[in-house]
Amino acid sequence: MDVKDPNFQRHFSGGLNLLHHTPPGVDPVMISADDSCLREDEVSASDPRSFRGINGGLRDPETRRDTPSTRSVKRLRAKETQNWSEKMKTLLISSILVMICCSEAQQEGNECIKASALSCGDCIQVGARCGWCTDPEFLKQGESTSARCDELESLRKRGCAEAKIENPHGSQQIQKNKPVTNRRKGAEKLRPEDITQIQPQKLSLQLRSGEPQNIELKFKRAEDYPIDLYYLMDLSYSMKDDLENVKNLGTSLMKEMSKITSDFRIGFGSFVEKTVMPYISTTPAKLLNPCTGDQNCTSPFSYKNVLRLTSNGQRFNSLVGQQQISGNLDSPEGGFDAIMQVAVCGEHIGWRNVTRLLVFSTDAGFHFAGDGKLGGIVLPNDGRCHLENNMYTMSHYYDYPSIAHLVQKLSENNIQTIFAVTEEFQPVYKELKNLIPKSAVGTLSANSSNVINLIVDAYNSLSSEVILENSKLPEGVTITYQSRCKNGVVNDGENGRKCSNISIGDEVSFSINITAQGCPKQGKTESIKIKPLGFTEEVEILLSFICECDCHLFAIKNSPVCHNGNGSFECGACRCNKGRVGRQCECRKDEVSSEDLDRNCRRDNGTDICSNNGECVCGACECKKRENPEERYSGKYCECDNFNCDRSNNKLCGGHGRCECRACVCDANYTGSACDCSLDISTCLASNQQVCNGRGVCECGACHCTDPKFQGPTCEICPTCPGVCTEHKECVQCRAFGTGEKQDVCERDCSSFRLVKVKDREKLPQPVQSFPLMHCKERDANDCWFYYTYAINNSTEPEVHVVETLECPAGPDIIPIVAGVVAGIVLIGLALLLIWKLLMIIHDRREFAKFEKEKMNAKWDTVKRSSGEHEEFEFLYCRCYHHHLLKGTSAPGPSLISGAASGRVLLWVVLAI
């Protein structure tokens, strides 16, 4: 990113201003590392935010020292200021990062224009999306030749016909496609070279820069595939008991391997150590017998090829039985020297183009590159075969090979390694296994008694995995893999190179993409090879590169179009000869800039050359390029551009046109200065196929309703029309309260409006001029009322405001009702009793008045009786009268008693009442 860019300087200076901005309430002098910079006259004692005036914490004017409270406040303020500075630094860094990201985003985009390609060949090498317009009339005034190179869609938009666009594509051709072998065990025996496990075997690809070519490879693990196994054994003294068990390995292993293949060969080799100090003792006696005591050992050696690969198991047993143990001084052995010779000495070992297995058996570690310096050996291992009479003769001359060197040679010779080592050295060799592809580690028993099972298990493990590798790729060429393995497993990336758990007869496939960037080595044909690790078969791919367009073949050299033959006219443009410049090669390089030529580049005799938007080349303006490659200057004086036109919805020309010379050229059915007015009335058609429902006019693709009652995109919505409340009742009920008939289909049928809940009816919106609304009151199944409003807002979106609580009638209160009923009954009873009493009193009074009247009119007959009889009669009459009075019947007349007794009778009546 350029620090001189004005955008960068603006953002950077703005960030610095933020960094140095003083937080509110903090004196500017506090932006300092030293508190002593604070001046007393700059701090107000009355300001509660200042350093003074807090709990009387003032600086003593006599001692000029801070009181304890002042020091506490200073520490607090200093911490606050430090936090502020940290925030500002974070903000500054964020601003710079955002600005860098924006700058990078601007730089990305049309790579075709950014490349400034001056020929069709240069253009198509930029990327697969780039094309070259060969139309001689394509360029506008002020545009340079490089403007012919652009993205394909952009070229079409700019008016280049499809037939004039050069856009070559890559291709592929299969040259050898022998099908994989479907071979069964026991079938007719085939030669190894007649067995095919990978298909196809040879292809040729034509690569266009940036355009990947995909090839499909098929791999099938053949049954009864031949195997070569070479047993490489450590014969140092510690392996003495192991040698006894290996002596019968040939026949036993061949019997076991016959279950896997009918074509098996086995060989044997041994190693000890380099024959120099300090690895062995070089005294004459020790060179003859390195073992101590009465042990009879053979002379030390580095590596010996005892038996080349053979199918004779008895011969293996015989020769191995003749071998003797040797000895050395140090614990690590020289096994890497032996592995290197086994890998590169194919003729001596007898390797065939079949599955190659190397069993490395030892109970010790290993020397590697650099250890030879202990014996004065400094020359690195040359990776060549140095066997004479089956003995490695250059161990004293070349250092041990490195692990990487071994990996290279084992891979080149398709050898899969099985490390049969004791448990003590398992961790070391497992780490080595991770560095050597297609290798395995098995635990060797103390006397090698389990070596056969170890070899069989390791072989099954190695052969069940297929890993593809490719040779060194040419510069600018990349390759990616995708594997399709058993059970539909698909792997990408590094795992795309391999498939695991493959059984004999299983078929897997690989999809390989090969892509070139540019034109490597001027289009020279290259070759790469892809092969499965551990297998001799490979796929050869010949690569050729498309570096020139087809129109290059029809170039006219020294064409008169190019200023009297000063260049070749090819692909619609002049390719100038050396020393010539200009669109038609009309100028020499030494006369590009002169005052006379610059005069032709000034518009209206002004002072600005090419409107300050280009350079004057040969008296003609070549407009400069913008940071955004999509933006271009054009015109005779670079006075036009395609980015300074009116915008709509933040899009240039509304996204419905193109900007030409600062004016929008609209697409069909669009008009306006920003092409933002659509002439299409389909968006204005209502459901009844009337334009704006017959209640408005269609302007720029949108309805403007002339009837104020109607709204919506097609003037079909009438928020204040009858039936609106009933129409939306169920949807409002289900969305607001989760009830109603549509609660199960609410999301599907009731998502056409925006719902806003309010607390009470006072919060509901009121009608305004901008858009009308309808107040609704509806009742649900529980006789509860809910209130809402329905309206169409300014964005023509239906909007419903609903009161979030239902208004339900209160239920009956049982206790007051029961109490009221009881009280009513009691009161009614009392009232009835009072009425009855009143009626009885009235009745008695009438009877008494009648009695008095009869008494006054009665004629008494005096009958003398005895006093006892007279009193008894009076008593009985009173009781009888009282009885009849209670029943409401007439009492016997007073004529029945004497006048003397009538007074007493009247007294009894009154008392009875």
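Here, the structure is the one placed above.
What you are looking at is a predicted structure, and each value in this text was computed from that prediction instead of being measured. (Residues numbered from 1 in each chain as written. Predicted model: local features only at pLDDT ≥ 70, side-chain atom pairs only at ≥ 80, totals over all residues. Heavy atoms only, no water.)

Looking only at helices and strands, one finds 20 helices and 44 strands in the protein. Among the 913 residues that make up the protein, the fraction classed as buried is 42%. When contacts within the protein are restricted to residue pairs at least 6 apart in sequence, long-range pairs at least 24 apart make up 60% of them. (Helix = DSSP H or I, 4+ residues; strand = E, 2+ residues; numbered from the N terminus. Buried < 20%, exposed > 50% of the residue type's maximum accessible area, 1.4 Å probe, protein only. Contact = heavy atoms within 4.5 Å.)

All told, the structure shown has four cavities of 30 Å³ or more when counted by the stated rule. Empty space within the largest cavity amounts to approximately 120 Å³. Arg 221, Tyr 225, Thr 355, Tyr 459 and Ser 463 are, among the 14 residues lining the largest cavity, the residues nearest its centre. Of all the elements in the fold, those that place two or more residues in the lining of the largest cavity are β13 (355–362) and α14 (451–463). In the lining of the largest cavity, the residues fall into seven nonpolar, five polar and two charged. (1 Å grid on protein atoms, 1.4 Å probe; cavity = no way out; pocket = protein on both sides within 12 Å on 5 of 7 lines; lining within 4 Å. Points joined across faces, edges and corners; volume = space filled by probe spheres on them. Nonpolar A, V, L, I, M, F, W, Y, C, P; charged D, E, K, R; others polar.)

Attention now goes to the nonpolar core. Core analysis: the biggest nonpolar cluster contains 38 residues, and Leu 229, Tyr 231, Met 233, Leu 249, Leu 253, Phe 264 and Phe 268 have the highest contact counts within it. With eight residues, the top contributor of residues to this core is α14. If we skip the residues at most four places from it in the chain, Phe 268 touches Tyr 230, Tyr 231, Met 233, Val 246, Asn 305, Val 306, Leu 307, Phe 316, Val 320 and Gln 323. (Core = buried A, V, L, I, M, F, W, Y, C linked by side-chain atoms within 4.5 Å.)

All right, on to the sheet that holds strand β42 (residues 773–779) then. Across the sheet, four strands lie side by side as β41-β44-β43-β42; this open sheet has mixed pairing. Strands with a single pairing partner mark the edges of an open sheet, and in this sheet they are β41 (754–758) and β42. On average, adjacent strands in this sheet sit at an angle of 25 degrees to one another, irrespective of strand direction. Strand contacts of helix α16 (residues 724–737): β41, β42, β43 (785–792) and β44 (798–803), with the helix running at about 110 degrees to β43, the strand carrying the most contacts. (Pairing = 2+ DSSP bridges. Axes fitted to C-alpha atoms, helices over the stretch in contact; angles between N-to-C directions.)

We now examine helix α7 (residues 249–257). Within the sequence span of α7, burial applies to Leu 249, Gly 250, Leu 253, Met 254 and Met 257. Taken down its axis, α7 places every buried residue within 115 degrees of arc, on the same side. Elements that come into contact with the buried residues of α7 comprise β10 (227–234), α6 (240–246), β11 (264–271), α9 (313–321) and α14. (Arc of directions from axis to C-beta.)

This paragraph deals with the packing of aromatic side chains. The geometry of an aromatic ring pair is captured by the separation of the ring centres together with the interplanar angle, meaning the angle of the planes. By the definition in use, this model includes 17 aromatic pairs. Look at Tyr 231 and Phe 268: their rings are 6.1 Å apart centre to centre, the planes differ by 10 degrees, and that puts the pair in the stacked class. With a gap of 37 residues between them, Tyr 231 in strand β10 and Phe 268 in strand β11 connect regions that are remote in the sequence. A residue is classified by how much of its surface remains accessible, and Tyr 231, at 0% relative accessible area, is buried. Seen from their ring centres, Phe 360 and Tyr 429 are 6.3 Å apart, and the 40 degrees between their planes marks the pair as tilted. Taken together, the residues Phe 360 in strand β13 and Tyr 429 in helix α13 (residues 426–435) connect sequence positions 69 residues apart. Exposure class is identical for Phe 360 and Tyr 429. Each is buried. Taken together through their ring pairs, the aromatic side chains of Phe 271, Phe 336, Phe 360, Phe 366, Phe 368, Phe 419 and Tyr 429 make up a single cluster. (Phe/Tyr/Trp six-rings, centres within 6.5 Å; stacked < 30°, edge-to-face > 60°.)

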